[in-house]
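# Commentary on secondary and tertiary structure
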Amino acid sequence: MRTLIVYQSYFGNTRLIASSLARHFKELGEVVLYDIERHQNGFDFTMFDLILIGSPTRYTSISAPMKRFLQSPKVKRFSDLPVVAFDTRYGPQHKHSVFMRFLIQMFGYGVTSLEKRLDRLSIPRLLDGEGFSVEAAEGPLSEHTEKRVGAFVARIVVAMQETAKTAHDAGDALDEKDSEAETRVV
Ligand SMILES: Cc1cc2nc3c(=O)[nH]c(=O)nc-3n(C[C@H](O)[C@H](O)[C@H](O)COP(=O)(O)O)c2cc1C
């Protein structure tokens, strides 16, 4: 399996999640980590079986560079690949203002925004994304993050297997139809 992990990070926490995901997916095949702020023109997004895309949560949305990236024509080249979103965000210990709490209720987190944008671009999502909390804006990541990344990877792998099985069964059904058609011709 070839996995592409696209991310942006200001303070390094989203990068740490991306790297941890990469370590897991390396056990299943090739992994490419793609930092959107390192200009990689001409990159071929179509060579992968799965794309993970992650951003820090910023004002209940995603980061400005990630917004720009998702507006760029290269994203259209994700084609029909299944995409999974992730974000980093403040944890439950963070004291939000009443206004921020209202905004979070209205708009959610980075994943909410990422998924809305993917839907608008008609990019298929494999499963619901995941958020990973930080103890403060610059980090560190909350306790047990590594365990949560492992659980997230397990969910993704199961979803990939189910998708592959559905495609395989559909292929079998088509083969059966073909052979019935052939039988009728003979
Ligand atoms: C200006 C600013 C706005 C933020 N807005 C939110 C927010 O709306 N909701 C939230 O959960 N976390 C918010 N955070 C926390 C960030 O999500 C956190 O700093 C980020 O996950 C760190 O990721 P990074 O190290 O990859 O940049 C904000 C942080 C900053 C500095």
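Residues numbered from 1 in each chain as written. Predicted model: local features only at pLDDT ≥ 70, side-chain atom pairs only at ≥ 80, totals over all residues.

Once that is clear, we can look at the site of the ligand. As a matter of local geometry, the ligand sits amid 18 residues, with Ser9, Phe11, Thr14, Thr88 and Arg89 nearest to it. Where the shell around the ligand is concerned, the elements lending two or more residues are α1 (13-26), β3 (50-58) and β5 (83-90). A class-by-class count of the residues in the shell around the ligand yields eight nonpolar, eight polar and two charged. (Near = placed C-beta within 6 Å. Helix = DSSP H or I, 4+ residues; strand = E, 2+ residues; numbered from the N terminus. Nonpolar A, V, L, I, M, F, W, Y, C, P; charged D, E, K, R; others polar.)

Considering the arrangement of structural elements, one finds Phe86 in strand β5. Along the primary structure Phe86 and Gly131 are separated by 45 residues, whereas in three dimensions their C-alpha atoms are 5.5 Å apart. In contact with Phe86, other than residues within four places in its own chain, are Ile17, Leu52, Gly54, Val111, Gly129, Glu130 and Phe132. (Contact = placed C-beta atoms within 7 Å.)

One turn of the α-helix equals 3.6 residues, which is why residues spaced by three or four share an orientation. Every buried residue of helix α2 (residues 64-71) is listed here: Met66, Phe69 and Leu70. Along the axis of α2, the buried positions cluster into a sector of 95 degrees, meaning they face one direction only. Turned more than 90 degrees off the buried face of α2, the exposed positions are Ala64, Arg68 and Gln71. Elements in contact with the buried residues of α2: β3, β4 (61-62) and α4 (110-120). (Buried ≥ 20, exposed ≤ 12 C-beta atoms within 10 Å, placed from the backbone. Arc of directions from axis to C-beta.)

The next subject is the nonpolar core. The biggest cluster of nonpolar side chains holds 37 residues, and the ones touching the most others in it are Ile5, Leu21, Ile51, Leu52, Val83 and Ala85. Those elements that provide at least two residues to this core are β1 (2-7), α1, β3, α2, β5, α4, β6 (130-134) and α5 (145-185). At five residues, the largest contribution of residues to this core is made by α1. Excluding residues that lie within four positions of it along the chain, Val83 makes contacts with Ile51, Ile53, Phe78, Leu118, Ile123, Pro124, Arg125 and Leu126. (Core = buried A, V, L, I, M, F, W, Y, C linked by C-beta atoms within 7 Å.)

Moving on, we come to the environment of Leu52. Mapped onto the elements, Leu52 comes out in strand β3. Here Leu52 falls in the buried class, since 29 other C-beta atoms lie within 10 Å of it. Sequence separation of Leu52 and Ala22 is 30 residues, and the distance between their C-alpha atoms is 9.8 Å.

With that settled, the discussion passes to the pairing of β1. With five of its six residues buried, β1 lies for the most part within the structure. Pairing of β1 with strand β2 (residues 30-35), which is carried by six bridges, proceeds in the parallel orientation. For Thr3, the partnering residue across the bridge sits in β2 and is Val31. Taken together, the five bridges between β1 and β3 define a ladder with parallel strand orientation. Across the sheet, the residue bridging to Ile5 is Leu52, located in β3. (Pairing = 2+ DSSP bridges.)

Worth remembering: the numbers are spatial, not functional.
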